[in-house]
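Here is what each chain is made of, one letter per residue.
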There are 2 protein chains.
Amino acid sequence: MIKAALSVLLVLVAVSSSFGKYTPKTGKRVPQTLARGWGDQLIWAQTYEEALYWSRSRNKPLMVIFHLEDCPHSQALKKVFSEDNKIQKTLDEDFIVLNLVYETTDKHLSPDGQYVPRIIFVDPSMTVRADVNGRYSNRMYAYEPSDINLLLNNMAKAKKLLKSEL
Amino acid sequence: MIKAALSVLLVLVAVSSSFGKYTPKTGKRVPQTLARGWGDQLIWAQTYEEALYWSRSRNKPLMVIFHLEDCPHSQALKKVFSEDNKIQKTLDEDFIVLNLVYETTDKHLSPDGQYVPRIIFVDPSMTVRADVNGRYSNRMYAYEPSDINLLLNNMAKAKKLLKSEL
């Protein structure tokens, strides 16, 4: 009897909590995340301005990832990137992170053009680290899944800040 | 027996799916969403650039919400806003939406200063609708929870685009 009452109560709670909430005509959507698949345990900045502020105030380098959800190269890199614990741990502890599916108005973030996937490091002094690049001369900031160790090395480079004192 | 085997299997699946995944020292985090509590069924732009692009290409007005997670006025407005089905439905069908916890570099988005909560409408022609404002003369783009009907009226105003033909 108590069990039955509890079940009824549970159903009522479930019904009332979803009752009246807006649902799109096309059905309920999965809420969008800021991680977009690049590591849902990391704390992502939303905008470049926010990321720069965090980078300066915490004196940590910034990694900006330009990507597109429907680009197979972005997807392939994202899979390896998000599953690599060393990358995830280092980013979580030593970096500010931002991933963008849209270009910003700041030309410094596209030193050799706008393409995806593209990874740009920025020093806390707000200097784009054009010297920290991948292995492709025509797309210097592109990485493939097989370049993940190069990316880790580049993260170590970016961690050596341009100025160690203020 | 089958039940026991099934239980073991379930435990194994649960363990293996979380095995090896990066977990911060401080414990597993809830992934951040782009909605930030303003309506998790809406499709939020991440950046102002992205929002402007969508607004122009879909010929829909843009609503930009400036807020802060730890501001009680933002929280109070967010609660009423996210639970108002008329607002949510209208935004979903007729608007491009962006919520920001950080100011942009574009001064047009702060016609009378930077404060939160602040709601600015932008026409698909990329003109900030400084004429669509709330009821407070010192903070013209601020809204309180009791202003939700005024906000709905302002959404109707913003839907009347500045140019109906291209």
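Cut-offs and rules
Residues numbered from 1 in each chain as written. Chains lettered and ligands numbered in written order. Predicted model: local features only at pLDDT ≥ 70, side-chain atom pairs only at ≥ 80, totals over all residues. Heavy atoms only, no water. Least-squares fit on C-alpha atoms with pLDDT ≥ 70 in both. Contact = heavy atoms within 4.5 Å. Buried area = accessible area lost by both parts, 1.4 Å probe. Salt bridge = Lys/Arg side-chain N within 4 Å of Asp/Glu carboxyl O. Polar contact = N/O pair within 3.5 Å; in protein donor to acceptor, adjacent residues only side chain to side chain. Helix = DSSP H or I, 4+ residues; strand = E, 2+ residues; numbered from the N terminus. Nonpolar A, V, L, I, M, F, W, Y, C, P; charged D, E, K, R; others polar. Phe/Tyr/Trp six-rings, centres within 6.5 Å; stacked < 30°, edge-to-face > 60°. Buried < 20%, exposed > 50% of the residue type's maximum accessible area, 1.4 Å probe, protein only. Lys NZ or Arg CZ within 6 Å of the ring centre and 35° of its normal. Pairing = 2+ DSSP bridges. Axes fitted to C-alpha atoms, helices over the stretch in contact; angles between N-to-C directions.

Moving on, we come to the relation of the copies chain B and chain A. When chain B is fitted to chain A, the residual RMSD is 0.0 Å, and the transformation amounts to a turn of 180° plus an axial shift of 0.0 Å. Look at the turn and shift together and you get a two-fold axis relating the two. Relative to the rotation axis, the closest C-alpha in chain B is found at Thr33 of chain B, a distance of 2.0 Å. When the interface residues of chain B are mapped onto chain A, 100% of them again lie at the interface, so the same face is used by both copies.

The interface of chain B with chain A comprises 37 residues on the first partner and 37 residues on the second. Between chain B and chain A, the buried area comes to about 3400 Å², and carbon and sulfur atoms account for 47% of it. Note that Asp92 of chain A is salt-bridged to Arg29 of chain B, the shortest N-O span being 3.1 Å. The tally of links between chain B and chain A comes to 17 residue pairs in polar contact (both at pLDDT 80 or more). Those elements that provide at least two residues to the side of chain B that touches chain A are helix H2 (48-58), helix H4 (85-94) and strand E2 (96-100) of chain B. With five residues, the top contributor of residues to the side of chain B that touches chain A is H4 of chain B. Across the side of chain B that touches chain A, the residue classes break down as 13 nonpolar, twelve polar and twelve charged.

This part takes up the packing of aromatic side chains. Tallying each qualifying case throughout the model produces six aromatic pairs over all chains. Relative to Tyr53 of chain B, the ring of Tyr102 of chain A lies with its centre 5.6 Å away and its plane at 40°, an arrangement referred to as tilted. Of the two residues, Tyr102 of chain A sits in the loop between strand E2 (96-100) and strand E3 (118-122) while Tyr53 of chain B sits in helix H2, which places them in two different chains. Between Trp38 of chain B and Phe81 of chain B the ring centres are 5.0 Å apart and the planes differ by 80°, which places this aromatic pair in the edge-to-face class. Highlighted residues: Trp38 of chain B in the loop between helix H1 (2-18) and H2 and Phe81 of chain B in helix H3 (residues 72-83), separated in sequence by 43 residues. Look at Phe81 of chain B and you get buried, because its relative accessible area is 0%. Between the NZ or CZ atom of Arg58 of chain A and the centre of the ring of Trp54 of chain A, over which it lies, the distance is 4.8 Å. Across the ring face of Phe66 of chain A, the terminal group of Arg118 of chain A is positioned such that the distance to the ring centre comes to 3.9 Å.

What follows covers the sheet that holds E3 of chain A. Residue and element names in this part refer to chain A. One open sheet accounts for three strands, arranged E2-E1-E3; its pairing is mixed. Unpaired on one side and paired on the other, E2 and E3 mark the two borders of the sheet. Averaged over all adjacent pairs, the angle separating strand axes in this sheet is 15°, with direction ignored. Across five bridges, the pairing between strand E1 (residues 62-66) and E3 is antiparallel. Bridge pairing links Phe66 to Arg118 in E3. Running over the sheet, helix H5 (residues 148-159) touches E1 and E3 and is turned about 20° from E3.

Residue and element names in this part refer to chain A. Turning to its location among the elements, Ile96 is positioned in strand E2. Put simply, Ile96 and Lys60 are 36 residues apart on the chain and 6.3 Å apart in space, counted from C-alpha to C-alpha. Sequence-distant contacts of Ile96, that is, excluding residues within four places in its chain, are made with Ala51, Trp54, Ser55, Arg58, Lys60, Pro61, Leu62 and Met63.

Summed over the entire model, instances satisfying the criterion amount to 20 salt bridges over all chains. One salt bridge connects Lys78 of chain B with Glu69 of chain B, and the closest N-O pair in it is separated by 3.7 Å. Of the charged contacts, one joins Glu103 of chain B and Arg118 of chain B as a salt bridge, the two residues approaching to 2.9 Å between their closest N and O atoms. Placement of Glu103 of chain B in the loop between E2 and strand E3 (118-122) and of Arg118 of chain B in strand E3 is noted, with a sequence separation of 15 residues between them. Residue classification places Arg118 of chain B among the buried positions, given a relative accessible area of 0%. The network of salt bridges with common partners includes Lys25 of chain A together with Lys89 and Glu93 of chain B.

No statement about biological role is implied by the geometric values presented.
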